[in-house]
Amino acid sequence: MTDSILMFLAEHTAVAALLKLVLLVLGFVMPLASLSTWAERRQSAMMQDRLGPNRANIGPVKLWGILHFVADAIKMMFKEDVVPAKVDRFLFALAPVMAIAPVLITFAVVPFGPDLCVGQVLSVVTDPTTCKATIPLQVARMDVGMLFYFALASLAVYGTTLAGWASYNKWSLLGGLRASSQMMSYEVCMGLSLMGAFLVYGSLEPNAIVTAQGSNILNWGIFTQPLAFVLFFTAAIAETKRAPFDLPEGEPELIGYFVEYSGMRFGIFFLAEFIETIFLAAIVTTVFLGGWQVPGLDSSGFGSFHLPHLAVVLLQVVVWSLKILLLCWLQLLIRWTLPRFRPDQLMRLGWKQLLPLSLLNIIITAAVVLWRSGGK
Amino acid sequence: MAETPPSPIKSSIAAALRETATPPSPPPAAPPAAASAAPAGSAPSSAPPPSELVTIKLDGRDVQAKKGANLLEVCLANGVDVSYFCYHPGLSSPAVCRQCLVEVVGQPKLVPACFTPIADKMEVNTATPRVLSIRRQILEFTLVNHPVDCPICDKAGECTLQKQYQDWDHEGSRSSIPKVHKPKMQDLGPHIVLDAERCILCTRCIRVCDEVAGEKQLTMAWRGDREQLTVAPGHKLDNPYSINTVDVCPVGALTSKDFRFTMRAWELFTTPSVCPGCATGCNVEVHHAQGEIWRLVPRENLQVNKYWMCDEGRFTYKDVRHKRLTSARIGGGRGQPAQITSLDKAVTFAAERLEKLASSGASIGLVYSAQTTNEALFALSQVAQKLIARGANIRSYVTGTASKPERADKILRSADTNPNTAGATLFAGAGASDAGALLADLKAGKLKGLWMVGADLPLAEQALADTAPIVDGLELFICQAVSDSALLRRAHVQLPAAAWAEVDGSFTNNKNLVQRLRKSVAPQGDARSHLELISQIAKKANLASGEKWQVSARQAFLQMVSVVSSSLPVGADPAQVVAAGFASAEWGKEFLPVQLRFANSRG
Amino acid sequence: MSTTTQSKTGMKKLAFGMPTPDEIASGGVHGLSTRPKVPPDLMSKLNAAELEEVEDIELPTEPMTINMGPSHPATHGTVRIVLTIDGETVRDSDVQVGYLHRCFEKEAEHATYTQVFPYTDRLNYVSPLLNNVGFALAVEKLIGIVDRLPERAQYIRVIVGEISRITDHLTCLGASAMEVGGFTPFLWMIKVREWLWELLEELTGARLTHSYVRIGGVSQDLPEHFIDKLRATLHKSTSVLTECESLLVKNRIFRDRMDGVAAISAEDAIGLGWTGPCLRSTGVPYDVRKDHPYLVYDRFEFDVPVGSVGDNYDRFAVRLEEIRQSMRILDQAMTQIPAGPVLLDDPRVAMPAKNAVYNTIESMIGHFKLIIDGIKVPAGEVYSYTEGGNGELGFYIVSDGTGRPYRCHVRSPSFIATQSMSKLILGAGIADIIPTFGMINMIGGECDR
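These lines cover the structure that appears in this document, whether it is placed above or below. (Residues numbered from 1 in each chain as written. Chains lettered and ligands numbered in written order. Predicted model: local features only at pLDDT ≥ 70, side-chain atom pairs only at ≥ 80, totals over all residues. Heavy atoms only, no water.)

Some points on the overall build of chain A
The test is simple: Only runs of H or I of at least four residues qualify as helices and only runs of E of at least two qualify as strands under DSSP, and these elements are numbered from the N terminus. Radius of gyration here is computed from C-alpha atoms only, and the compact-globule reference equals 2.2 Å multiplied by the residue count raised to the power 0.38. Accessible area is worked out with a 1.4 Å probe on protein chains only. A residue is then buried under 20% of its type maximum, exposed over 50%, and partly exposed in between. Note on definitions: a residue-residue contact is assigned when non-hydrogen atoms from the two residues lie within 4.5 Å. Accessible surface area values rest on a Shrake-Rupley calculation with a 1.4 Å probe, where residue burial reflects the displayed protein chains alone. Positive charges come from Lys and Arg alone, negative charges from Asp and Glu alone, with His and the N- and C-terminal ends not counted. For the purpose of locating charges, the reference atoms are NZ of Lys, CZ of Arg, CG of Asp and CD of Glu.
Across its full length, chain A holds twelve helices and five strands. On C-alpha atoms alone, chain A measures out to a radius of gyration of 22 Å, which is about the 21 Å that the 2.2 N^0.38 rule sets for 376 residues. Considered along the principal axes of its C-alpha atoms, chain A spans approximately 65 × 60 × 45 Å. Out of the 376 residues belonging to chain A, those deemed buried represent 55%. For chain A, the share of sequence-separated contacts (at least 6 apart) that also reach a separation of at least 24 residues comes to 78%. A total accessible area of about 16,200 Å² is found for chain A, and carbon and sulfur atoms account for 72% of it. Where the 25 positive side-chain charges of chain A centre and where its 23 negative ones centre are 6 Å apart.

Below, the structure written as structure tokens:
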């Protein structure tokens, strides 16, 4: 029964992709994004000796206030949707969509587990390549996966810029301007810092990068490309527009590009920011932390300790999730520790420090790769 | 109202109150008594010859004063603060309170300043440690049996004892023996309640009765710490000036039944004005708060009322509160009930009818009530000229409330109960008739229209109700009135007028002094001043617009003064004697109500 | 979105009725921007320095006028800054105060001297007790009882004053961290402030608007164990302060945001009338407590920290060090404080005991007159100055001999510092305005009075 369903999915990839997308987005990304709104407030409260949100409940179910995100969602849904006079109504409505759609779509290229061998889920699989049919645990496997990511990530800037422009507010315009200049500047650095990894693992396809890293922790990107890891993580945080790079928002200065938004429109911007956080964690995991790889776990199990294929896959998916959670948490810590840059300092950091370093990283990596490959 | 420490605020209040107390300048000609009188509170205008002046050394500085003058008065005039209870500028000095003891060099004992005439080269010290110590000790004695009553005492906040203690003593109590108790809440007369415990035995009240009212009704009984004020055997404190005892009482021993427990003194605001009770025109302070008047107290004016006023006058404020007409009504007459309407509609109604009537050449009666201000009466006389120009046959009448010969005395009370008879007579003109002629003309049907500025007739309530139907023959009856009456209810147009305390203006008293009224409280309901009502009717009837008197009461006053003094040369004719009072009258300063908490003590 | 609309006459009017940049630069708009123009030479120097950095700008730019405040999260209703910006650079600014004007000076004329204390609480509302003390000292100087104040009252005034100074500086430092995006240190500092305010609440009954000081002393003695609790609190606070310091002072981003921003020379600062931590940040060691000691400040050992270049970081560092110095003063004051009365025993000034009020006519009258008429202050005038949270807090009082001030003027340090805002933020970025504003520490209540 199970096998026949899996077989059906393996043969009809479009249905499988849809199912995976639904599972990934509705089952993982959205809940995690919602939860991280609570986690952020709770985490900041812990850091600041406060209690934080701990009251929301459904009857006796309190769960340390986790339900606050439900309350938040309800509040945002039911708030009045204020559209100020003189805004460009079409762009005003389009901007939140433009902000959230690209980040959701890019999840398509993120591999969250190895290929599932249809028909052998309960037996030990030593060589996945011998499977007669597989279901990749990745929505869309395309050879230019990382380029697809960059292409879509650069679309996200339109959401913020349009929001700033369409609001008919000078402050939001300034915020939109800051956002566009900041995101474009840091995309250069992001792209260049990943070049090294592409050279090392020889592919632009995320799952291939993960597979190339293997279960040997020393072969993971964070060890083969330590400088790139720091550069990419920094630039990617700038891309998510969160402190210390929250200049487009810049609460005491500008209020932000979404100053005129209210209700769920604002909620979408808010959510997009958290989804970006998760997505950033997913990319860093994929490229630098071995993706779904578990140290020492091969497709057959831990060395001679064999495990059924399903257990291995589940373990890897769980570890992948844990890596993402860890990175999200790390971003929260940074968010509540560091002050904000000034626009000129931000530009200086991006163009004068991060960019030369990422170029240096490419050169060194290329040289090493060339040397190891014997100059061929 | 002796202001002891020379503080800018307090002295300015006092000066303002005093300044407005006196008519700005007395009439130059008749009557001779008024002409020679000097403004109150200042030295006599004709300086005494130099031989009568002596020089004394007061606290080390040389001070000149008239020989034999009261030392305390010299001190106060020169800004030297000496405390006192029993002295009062309007009364004799018995030197019973011993609070004004000062040191005269060469005298072994301290002398009471209020009982000491000054002599040449006298050296007086008022602030030596010995004087200050004695002053404190006297206060300690005074306070030994004083009850702890301030929170429930009506005088608290304007109490001289409180003031003197805080200025000179401020030591705690040293006495542990129980206080001597005396009767509280003793009914002395129709208006006065005595709390014997609070009394400090200064005898001011006794002297007020003896010297001002001329009736020996109060006296001291018993001796020592049981001495207490009481009415003389077989007497009641029922003279018509009895409430002056409350004003002079430095503590809360004597309280007025009318005022006690109604308002705290420091929450009141004061506005200087003139009593509307009779032709004397006693100067008063209107004490008001929360838009209501709570009491009238006399204001110093040596030309008119000195420091006093009669009990009846004090209650004139009640007319401002009660039985008021507060909205305009039209369509009454011939027994039909009038309809309440807006003031504007009523005025338009009146004006249209008046214009029509005037151009038809009908005879119209104008009533100048002696209860209204000079400005309103002057305005009416101006409108009368315009009506005559339109062809109307104008007859003028001077009316007012009934004269009460039984209330006249040689002190303050006058038989004429109208405050402005002189003004009304002047503005109604030489051909004016009196109220009796008005009634006769009405009965004879000689009038087609009647415009009453003030519905005051010398008739009692019942008589008025009986007489009222005689107006039913009129084609137009406009009545401006402060309060409701049977006569008013028969008018075609009934306009609510502001009472005396609600308007700015002036009254001319029986000595032909033009005295200033000041607006203390806002008019009730839709009521407007007579002047404003006349102005509006005249404007809507196309009789007058943009005239100077229509601008404000002040402009009306200024125009009135110039018109009166230019049209009537000063002479022996009665109207010219009245006019002389106007010739030099001034409007005076505007006065913002002052809260009594800034005025310190009274009494 | 269009920021300007073209009118028929060819003159450009900005949206919301703002004057055009040209009008602002020429001072041609009356009423809105009539303040003296920036000296031309300063402008040209600044432009030269700026142009060097951005010389390769090709596109012509046009300045934009924008309103920062009064409805703005950082000005929260207290101030309005009309900015003329070129990109993110401030080309001109017009700082408009008065949004928190409460007629303090006029109100004071209608209140007895004692009734003025609650109003002073609302001047610098993060250090109300310093205002209390300043006003009390001014009145006492006028009455002439400064020398007769009870020792214990003077020490208590020093203690509560220094606690208030600490809370004032903590608020300022915390807010400045928050204004550059560091939310965490702000809440840590506010936590310490809350500990101190809890102590003050125990002492005065109110957390913020204490109205604790009275003419002639203070309203009540220290509660039991107050000194011990204060010691313990200060001990706790020190460690939190060290943590905050480590989070900010050594933080590269924070230092980049503060160092060299809005610097001012000592001459300029003195010329503008600056006092307090802002003046000291330029290197001028002027502190009223040291230079004109009042109360018992001459009995304590403490240093006056000074900065060197007068930038935002110096202002930050001076305040940080002043917290430590205040703690030093507190330590000494807690050791030295003698026993004794806390209110001058003079019935003309101090209210009699309640028991006596209810049982003797003398005290009843005294109480009544002090309440209704107020404390009689001899006619005269006085200027008394103390070191407030933001600098020299002066009270100029004219008395006419009655129980209410004839005139009461406050020399509020915030107001005087705020007048230099335009100068400080000229040429800075939008992002620098708020931290600069924070380090000037404009307290609306005190500035607008």
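Moving on, there is more to tell.
Focus on the packing of helix H8 (residues 226–248) of chain C against helix H13 (residues 312–336) of chain C
Any two packed helices are characterised by the angle at which their axes cross and by the distance between the axes. All names here are of chain C. Note the following rule: Note on method: axes are straight lines fitted to C-alpha atoms, helices fitted across the in-contact stretch only, with angles between N-to-C directions ranging 0 to 180 degrees. Throughout, the term roughly parallel applies to angles under 35 degrees, roughly antiparallel to angles over 145, roughly perpendicular to angles from 65 to 115, and oblique to all others. Crossing chirality is assigned from the near helix's rotation relative to the far helix, an anticlockwise turn below a right angle marking it left-handed and a clockwise turn marking it right-handed. By the convention adopted, Pro, Cys, Tyr, Trp, Phe, Met, Ile, Leu, Val and Ala count as nonpolar, Lys, Arg, Asp and Glu as charged, and the other residues, Gly among them, as polar.
Relative orientation of the contacting elements H8 and H13 amounts to 160°, with a least axis distance of 11 Å. In terms of axis orientation, H8 runs roughly antiparallel to H13. Between H8 and H13 lies a crossing of left-handed hand. Residues Ile227, Leu230, Arg231, Leu234, Ser237, Thr238, Leu241, Thr242, Glu245 and Leu248 of H8 lie in contact with H13, whose contacting residues are Phe316, Leu320, Ile323, Arg324, Met327, Leu330, Asp331, Met334 and Thr335. Looking at side-chain class alone, the contact of H8 with H13 contains eleven nonpolar, four polar and four charged residues.

Structural notes on the side chain of Arg516 of chain B
All names here are of chain B. Put simply, the rule reads: In the analysis that follows, any N or O atom pair within 3.5 Å is treated as a polar contact, provided that within protein one partner can donate a hydrogen and the other can accept it, and provided that, for residues neighboring in sequence, both atoms belong to side chains.
Within the secondary structure, Arg516 is located in strand S23 (residues 514–517). A relative accessible area of 9% means that Arg516 is categorised as buried. Engagement of the side chain of Arg516 in a polar contact is seen with the side chain of Asp504, the distance being 3.1 Å. Polar contacts involving the side chain of Arg516 include one to the main-chain carbonyl oxygen of Trp587, which spans 2.8 Å.

Focus: the environment of Lys121 of chain B
All names here are of chain B. Turning to its location among the elements, Lys121 is positioned in the loop between strand S4 (111–112) and strand S5 (123–125). The exposure class assigned to Lys121 is exposed, which follows from its relative accessible area of 67%. Residues Lys121 and Thr425 lie 304 residues apart in sequence; the distance between their C-alpha atoms is 56 Å.

Quick look at the side chain of Glu387 of chain C
Residues and elements named next belong to chain C. Mapped onto the fold, Glu387 is located in strand S8 (residues 380–387). The buried category is assigned to Glu387, whose relative accessible area is 1%. Here Val288 takes part through its backbone nitrogen, which lies 3.1 Å from a polar atom of the side chain of Glu387.

Some details on the sheet that holds strand S4 (residues 80–86) of chain C
To keep things clear, this is the line we draw: DSSP bridges decide pairing: two strands pair if at least two such bridges lie between them.
In space, the three strands of this open sheet follow the order S3-S4-S5 (chain C), with antiparallel pairing throughout. Both outer strands of the open sheet, strand S3 (64–68) and strand S5 (89–96) of chain C, are each paired with one neighbouring strand and no more. Neighbour to neighbour, the strand axes of the sheet diverge by 20° on average, direction disregarded. In this fold helix H6 (residues 170–201) of chain A packs onto S3 and S4 of chain C, with an angle of close to 110° to the strand it touches most, S3 of chain C.

Description of the nonpolar core
Residue and element names in this part refer to chain C. The following threshold applies: Definition used in this section: a nonpolar core is a set of buried Ala, Val, Leu, Ile, Met, Phe, Trp, Tyr and Cys residues joined via side-chain atoms within 4.5 Å.
Counting residues in hydrophobic clusters, the biggest one holds 119 residues, and the most contacted among them are Ile159, Leu230 and Phe316. Of the residues forming this core, the biggest block, eleven residues, is contributed by helix H6 (residues 151–179). If we skip the residues at most four places from it in the chain, Phe316 touches Leu173, Ser176, Leu248, Val249, Phe254, Met258 and Met439.

So, the interface of chain C and chain B
Let me state the cut-off plainly: Summed over both partners, the accessible surface that disappears when two parts come together, traced with a 1.4 Å probe, is what is meant by buried area. The salt bridge definition used is simple: a Lys or Arg side-chain nitrogen within 4 Å of an Asp or Glu carboxyl oxygen.
Across the boundary between the two partners, chain C contributes 22 residues, which contact 27 residues of chain B. Both sides of the chain C and chain B interface together cover about 2,200 Å² of buried area, and 67% of this is carbon and sulfur. For Asp167 of chain B, the salt bridge is made with Lys376 of chain C, and the minimal N-O distance between the two is 3.9 Å. Counting every contact that joins chain C to chain B gives one residue pair in polar contact (both at pLDDT 80 or more). Residue contributions to the side of chain C that touches chain B peak at ten residues, all from helix H15 (residues 361–372) of chain C.

What about unusual backbone geometry?
Residues other than glycine seldom take positive phi values, yet Lys241 of chain A does so here, at roughly 60°. Inspection of the secondary structure assignment puts Lys241 of chain A in the loop between helix H9 (226–240) and helix H10 (263–288). Judged by its relative accessible area of 6%, Lys241 of chain A falls in the buried class. One non-glycine residue, Arg98 of chain B, adopts positive backbone phi at about 60°. Here Arg98 of chain B lies in the loop between helix H3 (71–77) and strand S3 (101–104). When its relative accessible area of 36% is taken as the criterion, Arg98 of chain B is described as partly exposed.

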